[in-house]
Amino acid sequence: MHVEQVVDEMYSVPPAEFVAARDARVSEARRAKDTAAARTLAGLRRPTLAAWVSNLFVRERPEEVERLLALGETLREAHRTLDAATLREAGSRQHKVIGALAREAAGLAERAGHPVSESVRHEVEQIFHAALGSPDMAAQWSAGRLEKAPRATVGFGTIGPDVLPDRRTAPAGEAPPDLAEKRPGGADGERRQRLRRARTTADETAAEARRRDEELRSAEEAHHAAVARAGDADERVAQAEERLHQARREQRDARAAAGEAETAVRAADRAARDARRAADRAARALSRLADPSDGST
């Protein structure tokens, strides 16, 4: 069994089908006596729906993967050199590219028969942002084997005009744009407050969903570990049973051989007694012939 190929295959399986597919492969490896492969496959964890969508995108859109990786290199280089102009330009591209790619990934999932919610699409965006911010995360993401979205965007995170604002001088008597936006009051202020509350609620519900998902994943990991231990025990029992079966075959063969040998011993004993009696008769006949006083002569 080519383990790496099977692992890639596992992460192309939709999450709802993952556990059954993985366990079937583990059983196949055990039947083939490939203990190392069975242990590796038993340790695989079911990906979240967002991670599966991301893995699907990586497999189906390699050109877009290269495009996002290149954008990440540009952003990281701009951060290293503190190139504000490049950061603004690349940050603007980041918002557009990630939004478009996340929608495309959601479309791929829907065409595969697994439409996703807006919150899942947001998690996919989070994964893409993380891939931009960290070379290590980019390598993990582009391998197409993610199990879950990162807890938070790593590296420089989301870059855009709000991070590098345009500090142009405001007209006389008018506050700079970034300060004016912060002034409370009016319809815009109320709308912003409602938006903040909605974002807070969305963040809290998303965090709760992630916590529940982590609880599920922890339970699954415990189940996987128990399954792996049970599988190892099953394998040891099977080996012991095979040794016992072999020993019983050898015992039956040995007993059969012993029975045949015993029969041969009895036959040889009878033949020996018959031979001894025949020898005695021959000796007596010879003695009578050799004795002159024998009245028969």
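Q: Just give me the short version of the confidence of the model for the chain, but keep the residues and values in it.
A: Confidence in the prediction of the chain, expressed as mean pLDDT, is 79, and 74% of residues score 70 or more. For the chain, the element scoring lowest by mean pLDDT is helix α9 (residues 177-180), at 42; helix α4 (residues 49-60) scores highest, at 95. Contacts for the low-pLDDT stretch residues 153-184, under 50 throughout, to residues beyond four places or in other chains number 40 contacts.

Q: Lay out unusual backbone geometry in plain terms, naming residues and giving numbers.
A: Phi is positive for K33, which is not a glycine, with a value near 65 degrees. Note on K33: relative accessible area 64%, which makes it exposed.

Q: Report on the side chain of S54, specifying residues and quantitative values.
A: Along the chain, the position of S54 falls in helix α4. Those residues in contact with S54 that lie beyond four places of it in its chain are I127, F128, W141 and L146.

Q: Break down the packing of α4 against helix α5 (residues 62-81) for me, with residues and values.
A: Interhelical geometry of α4 versus α5 gives an angle of 105 degrees and a closest axis separation of 5 Å. As far as their axial angle goes, α5 and α4 are roughly perpendicular. In contact with F57, V58, R59 and E60 of α4, α5 contributes P62, E64 and V65. Of the residues belonging to the contact of α4 with α5, the class tally is four nonpolar, no polar and three charged.

Q: Got a sec to walk through the packing of aromatic side chains? Specific residues and values, please.
A: Within this structure, the stated rule accounts for three aromatic pairs. Their ring planes at 70 degrees and their centres at 5.5 Å tell us that F128 and W141 sit as a pair that is edge-to-face. Remark: W141 occurs in helix α8 (residues 135-142) and F128 occurs in helix α7 (residues 118-133); sequence separation between them is 13 residues. As far as burial versus exposure is concerned, F128 and W141 are alike and both buried. Taken together, the aromatic side chains of F57, F128 and W141 make up a single cluster linked through ring pairs.

Q: Quick rundown of the pattern of salt bridges? Include the residues and the values.
A: Counted by the stated rule, this structure contains 13 salt bridges. The residue R22 makes a salt bridge to D23 at a minimum N-O spacing of 2.9 Å. You can call D23 partly exposed: its relative accessible area is 25%. For E64, the salt bridge goes to R67, with nearest N and O atoms at 3.2 Å. Placement of the pair is E64 and R67 together in helix α5, with a separation of three residues, close to one helical turn. Look at R67 and you get partly exposed, because its relative accessible area is 44%. Sharing partners across several salt bridges, the network here consists of E4, D8 and R145.

What counts and what doesn't
- Residue positions are given per chain, counted from 1 along the sequence in the order it is written.
- In keeping with the predicted nature of the model, local features appear solely for residues at pLDDT of at least 70, side-chain atom pairs appear and are counted solely at 80 or more, and the whole-chain, interface and lining totals rest on all residues.
- Calculated side-chain values reflect all of the structure's heavy atoms, with hydrogen atoms and water omitted.
- Summary of the metric used: pLDDT quantifies the predictor's per-residue confidence within the range 0 to 100.
- Numbered from the N terminus, helices here are DSSP runs of H or I no shorter than four residues, and strands are runs of E no shorter than two.
- By the convention used here, residues are in contact when the closest approach between their heavy atoms is within 4.5 Å.
- For every residue, the accessible area (1.4 Å probe, protein chains only) is compared with the maximum for its type, and the residue is labelled buried under 20%, exposed over 50%, or partly exposed between those bounds.
- Axes here refer to lines fitted to C-alpha atoms; in helices the fit is confined to the stretch in contact. Angles between the N-to-C directions go from 0 to 180 degrees.
- Throughout, the term roughly parallel applies to angles under 35 degrees, roughly antiparallel to angles over 145, roughly perpendicular to angles from 65 to 115, and oblique to all others.
- Residue polarity follows a fixed list, in which Ala, Val, Leu, Ile, Met, Phe, Trp, Tyr, Cys and Pro are nonpolar, Asp, Glu, Lys and Arg are charged, and the others, Gly among them, are polar.
- Between rings of Phe, Tyr and Trp, where Trp is taken as its six-membered ring, a pair exists when centres lie within 6.5 Å; planes separated by under 30 degrees are stacked, by over 60 edge-to-face, and by other angles tilted.
- Salt bridge criterion: a side-chain nitrogen from Lys or Arg within 4 Å of a carboxyl oxygen from Asp or Glu.

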